[in-house]
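Structure assessment
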Amino acid sequence: MKLIIREYLASLRERGELDVVLPDLLSQLGLTVFSRPSRGTRQDGVDVAAVGAMDGQEERVFLLSIKPGDLSRRDWNGDSAQALRPSLHEIVDSYIPNRLPPEHRDKHIVICVVLGGDVHETVRPLLSGFIQQNTRQGLSFEEWNGDKLANLIQSSFLREDILPGDARSLFRKSLAMIDEPNISFQNFSELVEKLASSQDTDDRQCVTAMRQIAICLWIMFAWAREAENMESAYLSGERALLHGWHVVRGLGERPPRVREQVAGAFNSIFTAYSHISTEYLTKNVVARANQLHALSAAVAGSSAVDISLRMFEVLGRLSNAGLWAVWRASKEPEGSTERADALIEVGSISALIMSVIENNPALILPIKDDQAIDVSLALTLMAFGSSNHDYMRGWLDEMMGRAAFTLDTNGAYPSVLDRYDLLLRHPQSKDDEYKKNATRASILYPIVALWACLLEAEEIFAGVSTIQSSKLAHSTFQLWFPDASSESHLYKNDQPHGSVLADLSLRTRPEYLETIRRDVVSSMRIEDLSAVRDGWWPIVAVACRHHRVPVPVQLFRGVDVPQDPAAEQIGTPS
Amino acid sequence: MVMDPDIDSAALVSELTSLHNSRRIDVVREFRGLTNDGGSEFFMVRHIFEETLPSLDAAVAEVMDTVVHLCRAGGHDLAAGTVVTPFIAFCGNDSQRPRDAIALLAACPGDFGELLVAIVMVGARSEPNDFFEHAERLSLSGEVSQRQRAIMALGRLASMATIGVQRALAAIEAALRADNVDEMRAAAIKACGPVMASSGVESAYGTDFLRSVVEQGGDHTLHACAELLWLHGVQLPPDLVAPVFDQLRNVDPQHTGTIRNIDLAVSGLLRSELRPHALSLLCSLLEAAKVSITDLGSTMAALSRDDGFSALATEWFASGRRELCQAIGDIVLGHHQDTARLRFDDARLVAAGETADRYFIGKRAVGFLFAKPKATIAFLCSLLTGTDSDVDAAIRHLILDPMLLNYPGSGREALESCREGGGEELGRSIDELLGSLQEYLEMLGGGQRLKALEVPEADRESYRRYMTVTMEESMREAEKKSPILSLVHRSTLLYGRTSINYVFQADGSSQRMEVPMSTHGVSVEFPRMSNIDPVGLNFRLRVLRNEPRA
């Protein structure tokens, strides 16, 4: 296990990775963290500050200066703003005299040089010399290299008594099988399930479990990045985030300190998830998004089904990344640089999605009805930019054109078939009975019809309406709404939940909108989902994508259709 | 009755004849018990009877009984009627036998009808007028089937100098006047056609008579016309050609026997003076959607080898008619090798005073030949003239997309082979196209793997299982249709590289034979878009096949 952790530490490349883990590690060691890493530069050389007793010694102050990877001559005293020697000087000369909280000034101070890897031999004399020169009464230095950190992580998070043998085995398997993402994810998923179930136990175990999930996810991320295969890490990140939220939302009765510590661990999970998502999309999607067929070709699939399944996965993931950017923008104050940056990212991801659709025609028509979930997420994101609306109309128009064409010609029309082997054979037969069975229900057409209403695309609505009346009259057109049971099961998907507005008729646009509006008004408010209520609404989108649950229509935001009151109610941001 | 293959059949025939003629056995009666269980043994055993029959001393009635039984037991096999020839020989050995036979037949036409023509023919050798009159009489009364046979017999007698064509035709006409039904007309055509075609007699009366029969039509009549065209088409009198071809345009597509005859006729006439008539008939049958070219296997094969195939393909693509274009596609797919020289050739269009719309022809070619990339690209390259830059650019774009983007491997090979013998201008176009293809392939990522996007191993395994099952099913279906596999014994060898067999010699010794095993494989390049954009590809091909001329 130590080797696994050591490998993970050595692979961390950025400050944003190692310093996210350390506060949890210190807390788990019994220290109180009073300064956490923040964006931008360090606080006079200090990345993390904590106070407390370690190894049975007196209470001391630990000031951590973090350097990911090995310490080379360049990292010691180079031009970089992150060079270690200037940082140590800043701690001694500025942080200790000026920023150290007054209540800790009489305590012994330990300046910790935290390295993900090791000190290069050429730098060793320089570091030793610096330490000798600056060590004095009440101030000492410690080197926390990868080996020491690995020991600390193992002893605090993953030791036998707090991470049982079967959980350790699941974790090892999830790492070993990274190139078989489904198996790897299955093991990680079981691990998360096992750890997250500790929420019902005592406060300390609950906090420890969340931190364990976080550190395991970080380790998974590092290993996946090294293996250049982020698939399992992506799915694991989603699963960890959703289980994490499920724990966070149920902490109402716990003491504030526990809630705070669990929230800290959840933030660590979220940061890991964000890193994973970025890494996945950057390495796999961005570079090829603008090249004709490049992403489809990268699937190296044997059939059109492979490409369709993968492309809609990519579409859903890109869309969720965009929705998180929307969320970030909404958190920042008007006029701030951070908000502007986030909005630029929203625009970039929307443009990327359009490019991916343009260059990968498999995305024009789903082969599985539940790929409507990914379509919904993409539309929800693109709807935030009014300049995207024409593109959205064009996409939906072509989608319905192809749907009608495949239904007429017995091509690969969207079906409710779920098993891969059945999809490979689809359509197995031209007879009516088969077609009726394969299209016995749908969320795709009602969702497209709804978006046609929201986008005022009368022709598209008419097209879907014709498909329903002339080809799919037997099909149960439906929309899903969360209900009172959804809050308990949406994040873990451990039971069916929500309610379905079935047998929708697409005869006329006003009638259709009125039917949906009536149900939106009478069903559970989307704000009653804890993720929306507490300001983490993209988690609902993650849950929908990950657990293949339809996106609630209340999330279809960003479209402004003021002249249609019914549409306005559906599209109102929560 | 079991046939031992090692028995000397000549000795057996001699022994049987001797035993029968000495009344120790009754060969005729024994063979009446021979039944056909579906294997080849029935015909092997019956052959012994056929060899024996001419030398037998037996009652005509019993022989006729056995011959008819063996004939009927042969079913629809092409060899079913071979037993009639030795019967003719049997009758020919005694002048009384034909007389007895015709008397028996007249008494029981239902029992011995199959032998009518044979009896008349053998009887007419010695008593032509008597047997002509027998046939004439039989053609005027009785069941239709008997009258048909009588007409056939009259037709056969027409070639005898003592009877003559004129007299035979008059008798046939009289039979038709008595009952002018479709079956009788068919019999008349079958009887008279060969006479008219092979006797070299320029008989205006005969031609007029036959034309009037043909023009009345009818399913049986058309069947007979198709057979006439197949067997004697080239020799038909000129005045008869047009009516026969015209009538065949009315064929009912359900009548597969007639269609088969038309197929054999058209394929045979493609290299004759009647080629224009044959192609015209083919065209109208295809255009009327009465048949698909795949129903006409011999014609497909003949056209695929035909020197004028390129000109025909160009003409049919230029017509834009879906059925004709589909026929070209089917011929290329079924018979034409990818490397064969299908080229743009507007000879037929020029002859018809039409101008070729090269871009339109190119689009139709892509639409219908798409599954044969080498043939398609070769055809498209031949459309590049270097004289009209807009049309050339449009055709080059067709070569790139959809052809090269779908078939980068065989497409590249096809282009390289087109370069050989092409001009400088074509060479430049090919360089440009290969450059565009290379650019596209490089854009795909240059072979760098993105493991996170790749298909999971479990799905790959499912796909392999799916393909295995599909291929096994296809193999079984193909084996069911194989004419060879039903004839041979099948052995499954689990190990080794050669198969050892012992071949037995006439002297009883055996010789060891080692047959080395070889592999047989076919490689097919699937269009890339069938995975990347199957719906788009399907739609585009349909557009290329159906869009009207601009």
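Keep in mind that this is a model prediction, so the values were computed, not measured.

Side note on the overall build of chain B
In terms of regular secondary structure, chain B is built from 29 helices and two strands. For a compact globule of 550 residues, the expected C-alpha radius of gyration is about 24 Å, and chain B comes in at 32 Å, more than 25% above that figure. Reported as C-alpha extents along the three principal axes, the dimensions of chain B are approximately 90 × 65 × 40 Å. Within chain B, the proportion of its 550 residues that are buried is 45%. When contacts within chain B are restricted to residue pairs at least 6 apart in sequence, those whose partners lie at least 24 apart make up 68%. Carbon together with sulfur atoms contributes 51% to the accessible area of chain B, which is approximately 27,700 Å² in total. With 54 positive and 75 negative side-chain charges, chain B shows a separation of 3 Å between the mean positions of the two kinds.

A word on the packing of helix α14 (residues 219–232) of chain B against helix α15 (residues 238–248) of chain B
How two helices sit against one another is set out by the angle between their axes and by the gap between those axes. Residues and elements named next belong to chain B. Contact pair α14 / α15: the axes reach a minimum separation of 10 Å and the direction vectors enclose 125 degrees. Between α14 and α15, the interaxial angle falls into the category oblique. Crossing of α14 against α15: the hand is left-handed. Residues L222, C225, A226 and L229 of α14 form the contact with α15, whose own contacting residues are V244, F245, Q247 and L248.

Considering the environment of S304 of chain B
Here S304 of chain B is to be found in helix α18 (residues 297–305). The buried category is assigned to S304 of chain B, whose relative accessible area is 14%.

Brief notes about the sheet that holds strand β3 (residues 59–67) of chain A
Residue and element names in this part refer to chain A. Taking strand neighbours across the sheet as the criterion, the five strands line up as β1-β2-β3-β4-β5 in an open arrangement whose pairing is mixed. The open sheet has two free edges, formed respectively by β1 (32–35) and β5 (139–144), since each of these has just one partner strand. When strand polarity is set aside, the average angle formed by the axes of neighbouring strands in this sheet is 25 degrees. Bridge count for β3 against strand β4 (residues 108–115) is eight bridges, and the pairing is parallel. Across the sheet, residue L64 finds its bridge partner in β4, namely C112.

Observations regarding unusual backbone geometry
With glycine set apart, most residues show a phi of negative sign, and most peptide bonds adopt trans. The omega angle of the peptide bond from H426 of chain A to P427 of chain A is -10 degrees, so this bond is cis rather than trans. Mapped onto the elements, P427 of chain A comes out in the loop between α17 (420–425) and α18 (432–438). With an omega dihedral of 25 degrees, the bond running from D401 of chain B to P402 of chain B counts as a cis peptide bond. Mapping P402 of chain B onto the fold places it in helix α24 (residues 389–406). Residues other than glycine seldom take positive phi values, yet D503 of chain A does so here, at roughly 55 degrees. Relative to the assigned elements, D503 of chain A resides in the loop between β9 (499–501) and α22 (509–522). Judged by its relative accessible area of 61%, D503 of chain A is exposed.

A closer look at the interface of chain A and chain B
Each side of the interface is counted separately: chain A has 40 residues, and chain B has 30 residues. Here chain A and chain B share an interface that buries about 3,200 Å² over both sides, 60% of which is from carbon and sulfur atoms. The interface formed by chain A and chain B includes two salt bridges. There are twelve residue pairs in polar contact (both at pLDDT 80 or more) connecting chain A and chain B.

Thoughts on the confidence of the model for chain A
Confidence in the prediction of chain A, expressed as mean pLDDT, is 89, and 94% of residues score 70 or more. Confidence drops under a pLDDT of 50 for residues 560–574 of chain A, and excluding neighbours within four residues, the segment shows 32 contacts in the predicted structure.

Here we look at the pattern of salt bridges
All names here are of chain A. Tallying each qualifying case throughout the model produces 62 salt bridges over all chains. A salt bridge links R533 to D534; its shortest N-O distance comes to 3.2 Å. Residue R533 is classed as exposed on the basis of its relative accessible area of 52%. Each of E231, E238, R310, E313, R317 and R545 takes part in one network of salt bridges that share partners.

Observations regarding the packing of aromatic side chains
One pass over the structure, following the stated rule, counts 27 aromatic pairs over all chains. Residues W327 of chain A and W536 of chain A carry aromatic rings whose centres are separated by 4.9 Å and whose planes lie at 35 degrees to one another, so their mutual orientation is tilted. Note that W327 of chain A is positioned in helix α13 (residues 304–331) and W536 of chain A in the loop between α23 (530–533) and α24 (538–547), a separation of 209 residues in sequence. W536 of chain A shares its class with W327 of chain A; the two are buried. Directly above the ring of Y280 of chain A sits R317 of chain A, whose terminal nitrogen or CZ lies 4.7 Å from the centroid. The lysine or arginine in question, R549 of chain B, covers the ring of F360 of chain B, its NZ or CZ lying 4.2 Å from the ring centre.

What counts and how
- Residues numbered from 1 in each chain as written.
- Chains lettered and ligands numbered in written order.
- Predicted model: local features only at pLDDT ≥ 70, side-chain atom pairs only at ≥ 80, totals over all residues.
- Heavy atoms only, no water.
- Helix = DSSP H or I, 4+ residues; strand = E, 2+ residues; numbered from the N terminus.
- Rg over C-alpha atoms; globule rule 2.2 N^0.38 Å.
- Buried < 20%, exposed > 50% of the residue type's maximum accessible area, 1.4 Å probe, protein only.
- Contact = heavy atoms within 4.5 Å.
- Areas by Shrake-Rupley, 256 points an atom, 1.4 Å probe, with all protein chains shown as cover.
- Lys, Arg positive; Asp, Glu negative; His and termini not counted.
- Charge placed at Lys NZ, Arg CZ, Asp CG, Glu CD.
- Axes fitted to C-alpha atoms, helices over the stretch in contact; angles between N-to-C directions.
- Parallel < 35°, antiparallel > 145°, perpendicular 65-115°, else oblique.
- Left-handed = near helix turned anticlockwise from the far one by under 90°.
- Pairing = 2+ DSSP bridges.
- Buried area = accessible area lost by both parts, 1.4 Å probe.
- Salt bridge = Lys/Arg side-chain N within 4 Å of Asp/Glu carboxyl O.
- Polar contact = N/O pair within 3.5 Å; in protein donor to acceptor, adjacent residues only side chain to side chain.
- pLDDT = per-residue confidence, 0-100.
- Phe/Tyr/Trp six-rings, centres within 6.5 Å; stacked < 30°, edge-to-face > 60°.
- Lys NZ or Arg CZ within 6 Å of the ring centre and 35° of its normal.

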